[in-house]
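Understanding the architecture of this molecule
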Amino acid sequence: MIFETSALEANDIYRLLVGGISPRPIAWISTLSKEGVANIAPYSFFNVASCNPPILWYSQVNPRHGQDKDTIRNLMDTRECVVHIVNSQLLEKMNLSCALLPPAQSEFEFAEIESEPSHSVAALSVKHAPIRYECQLREVLQLSTLPSGGTVALLDVKSIYVDDRLWDGQMIDQQQLDSVGKMGGDFYSLTTDLRKLARPVVSSTGEHKKGG
């Protein structure tokens, strides 16, 4: 079956994109409003944009009412945030933070999320998050002002917290990370069954070196 996007409504395109591009990593982003309200919300349009310099990106899918979400508004006001990686222990709390709350109400309080001060930014950190990227806003790119359009934020990573239990001296232990991914609809994926495959080694003649 072929779908021509020019003939589809925005909601139909959304379902085809998020239902197929999965699992997606989740950025659980905390910010602080200029009034001092601690906000946190998850975004699954998220990834690494650059390693040198270290830059993350996430995209807000514009709400139907046309107003920006609290996260991007706070970022543009204070220019700081913390991007948390979600594990299965935090899944229920993260899902609660999806609730549509008024800007003056904190998701930290609503979802009873334990927090602590961050290392280099004013936004709060989730206490039990296994990995946190403390960031400063680099740039906001508005791709579309339409409902379901995208607004992309580029974030400069200032410091990185990794739980000591996950760090083997060189790498983050993928077996212990227990990160959660977003699927289509209300589904999430758990990383409980991992398969390790070494990258292929190719000779100068273009042949695959077996066992390399």
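Residues numbered from 1 in each chain as written. Predicted model: local features only at pLDDT ≥ 70, side-chain atom pairs only at ≥ 80, totals over all residues. Heavy atoms only, no water.

Under an unreviewed UniProt entry, the name given to the chain is Flavin reductase like domain-containing protein, and the organism recorded is Acinetobacter vivianii. As its UniProt record puts it under Cofactor (unreviewed entry), the chain is described as follows: "FMN". As stated in UniProt under Sequence similarities (unreviewed entry), the record for the chain gives "Belongs to the flavoredoxin family." (UniProt positions renumbered as here; feature names shortened; annotations may be inferred.)

Another point: the sheet that holds strand S2 (residues 27-32). Reading across the sheet, the 7 strands line up as S3-S2-S6-S9-S10-S5-S4 and stay open at both edges, with antiparallel pairing between neighbours. Because the sheet does not close on itself, it has two edges, and the strands there are strand S3 (38-43) and strand S4 (46-51). The sheet shows a mean angle of 35 degrees between the axes of neighbouring strands, taken without regard to direction. Bridging between strand S5 (residues 54-61) and strand S10 (residues 150-162) involves 7 bridges; their strand directions are antiparallel. Looking at S10, one finds that Ser-59 is bridged to Val-152. Across the sheet, helix H2 (residues 70-78) is in contact with S2, S3, S5, strand S6 (80-85), strand S9 (131-142) and S10; its angle to S2 comes to roughly 50 degrees. (Pairing = 2+ DSSP bridges. Helix = DSSP H or I, 4+ residues; strand = E, 2+ residues; numbered from the N terminus. Axes fitted to C-alpha atoms, helices over the stretch in contact; angles between N-to-C directions. Contact = heavy atoms within 4.5 Å.)

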